[in-house]
Amino acid sequence: MHPAARRVADLPATIFAEMSALAVRTGSVNLGQGFPDSEGPPEVIAAAVDALRGGHNQYPPGIGIPALRQAIARHQQRHYGIELDPDTQVLVTTGCTEAIAGAILGLVDPGDEVIVLEPYYDSYPAMIAFAGGVRRAVTLRAPGFRLDPDELEAAVGPRTKLILLNTPHNPTGRVLDAEELAAVARVARERDLLVVTDEVYEHLTFDGHAHVPIATLPGMEERTLTLSSAGKSYSVTGWKVGWATGPAELVSAVMGAKQWLTYTSGAPLQPAVAVALDEHGEFPYRLCQELQARRDQLVGGLRAAGLTSYSPQGTYFATTDVSELGWASGRDFCRALPERAGVVAIPTEVFYDHPDAPGSGRRLVRWAFCKDAAVIDEAVRRLAEADLTA
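Since the model is a prediction, treat every value here as computed from it, not as a measurement. Within each chain, residues carry numbers counting from 1 in the order of the written sequence. Local features in a predicted model are, by the rule used here, given only for residues with pLDDT of at least 70; side-chain atom pairs are given and counted only at 80 or more, and totals for whole chains, interfaces and linings are based on all residues. Side-chain numbers come from the whole structure's heavy atoms, not from hydrogens or water.

Student: Would you take a moment to explain the sheet that holds strand S5 (residues 160-166) for this structure?
Tutor: Whenever strands of a sheet pair, they do so through backbone hydrogen bonds, lying parallel or antiparallel. Reading across from one edge, S2-S8-S7-S6-S5-S3-S4 is the order of the 7 strands in this open sheet, with mixed pairing throughout. Of all the strands in the sheet, just strand S2 (90-93) and strand S4 (134-139) have a single pairing partner and so form its edges. Put simply, the sheet's adjacent strands are angled 20 degrees from each other on average, direction ignored. Bridge count between strand S6 (residues 194-198) and strand S7 (residues 224-229): 4 bridges; the pairing is parallel. Counted as the bridge partner of Asp198 is Leu227 from S7. Only heavy atoms enter the contact rule, under which two residues are in contact if any of them lie within 4.5 Å. Orientation is described by lines fitted to C-alpha atoms, with helices fitted over the stretch in contact, and by angles between N-to-C directions that extend from 0 to 180 degrees. A run of H or I in DSSP becomes a helix once it reaches four residues, and a run of E becomes a strand once it reaches two; helices and strands are each numbered from the N terminus. Along the sheet, helix H4 (residues 66-80) contacts S2, S7 and strand S8 (242-245); its crossing angle with S2, the most-contacted strand, is approximately 115 degrees. Strands pair, by our definition, only if DSSP identifies at least two bridges between them.

Dropping the structure here:
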């Protein structure tokens, strides 16, 4: 008897569960899963407590409470000049992960092709498979992790429905520049494709690199569905409050799927996120400065330990190449690392369709720096003292 449906049985368990369990079992410093050690603004947490005590504990509207939808619309206008109708062009979701699920299930029919940038966030292939879609990967190649416009163009076929974009990019930390975004926009316009863009790290960019939503490019507003959340920008990842914005027909398609997933969620958290967006817009900028310092701390420590390390332009994550240490794969390295050094990281190879292609991820490893300075210090101390060679 095989009780699990094939769509579930054929998918591997998430690497984050495997490596986090390994961290607990070995007492290792966990630089694998990307959750911060710091808390969000105290006033925002207090707003959630006030909402709990003030009776915001029953089902909110499926589309999200008006105050939050209006705050999201103001956020998009204030930061990017994007004008939205909060009643038809904004949908509150259970984190960006549900927004991704709703977008794929709501827009992709069986046999439709979806272009993704690899390495990719692991929910992308899972949801494409659930929808019966076909994944076409375009590789961001080390060391620069730039998008090749010719490879993007070549990936488009007669069944291509949409491009699933992610910038700032997890796990490489790449912030797509104007040339790369223009290439995506050109392909989308010329081939009449939709673009679904995951922008959860939109405010966490470093060294003067600026995130530009592709929806702001000429001809893209009407074909772009933008996804984001409060979790990363406000250090409340466990709240799972995200959103989808864009043309009403695309947002409606996401709602068509969402209503059969969670329908709604987070009643007392939604008014608190509205407070965050409207009243604490400075918090992500302070967080970004702290993260840039933690990035430099970690990357410096990784390099001192003998790891070839790439400094990211944004997000929570830095990437290293373990090939010079003699490892055949990042997975082998990451499975050995807790016993060798008492540290856990994530093998990037699991986020590729083609991990052995030139510049791809068979020997790449992702490390999270959204941690306290003392945690990073301990991790790099352990790495420096360990034998990391194969």
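Student: Would you explain helix H3 (residues 42-53) in this entry?
Tutor: Every α-helical turn comprises 3.6 residues, leaving residues that sit three or four positions apart pointing alike. What a helix should span is 1.5 Å times the count of its residues minus one. With 12 residues, H3 should cover 16 Å at 1.5 Å per step; its first-to-last C-alpha distance of 16 Å lies within 8% of that length. Three exposure classes are used, based on accessible area relative to the maximum for each residue type with a 1.4 Å probe and protein chains only: buried under 20%, partly exposed in between, and exposed over 50%. Every buried residue belonging to H3 is among Val44, Ala47, Ala48 and Ala51, and all of these are buried. All buried residues of H3 lie within an arc of 100 degrees about the axis, which places them on one face of the element. Opposite the packed face of H3, turned more than 90 degrees from it, sit the exposed residues Pro42, Asp50 and Arg53. By arc we mean the arc of the directions from the helix axis to the C-beta atoms, nothing more.

Student: Please clarify how the pattern of salt bridges should be interpreted in this entry.
Tutor: A side chain of one charge can pair with a side chain of the opposite charge if their charged atoms are brought near each other. The salt bridge criterion pairs a side-chain nitrogen of Lys or Arg with a carboxyl oxygen of Asp or Glu, the two atoms within 4 Å. Overall, the coordinates contain 26 salt bridges when judged by the stated rule. The partner of Arg74 in a salt bridge is Asp278, with the nearest N and O atoms 2.6 Å apart. In this pair, Arg74 sits in helix H4 while Asp278 sits in helix H10 (residues 269-279), placing the two residues 204 residues apart along the sequence. Residue Arg74 is classed as partly exposed on the basis of its relative accessible area of 38%. When its relative accessible area of 34% is taken as the criterion, Asp278 is described as partly exposed. Residues participating in the shared-partner salt-bridge network are Arg146, Arg174, Asp177, Glu179 and Glu180.

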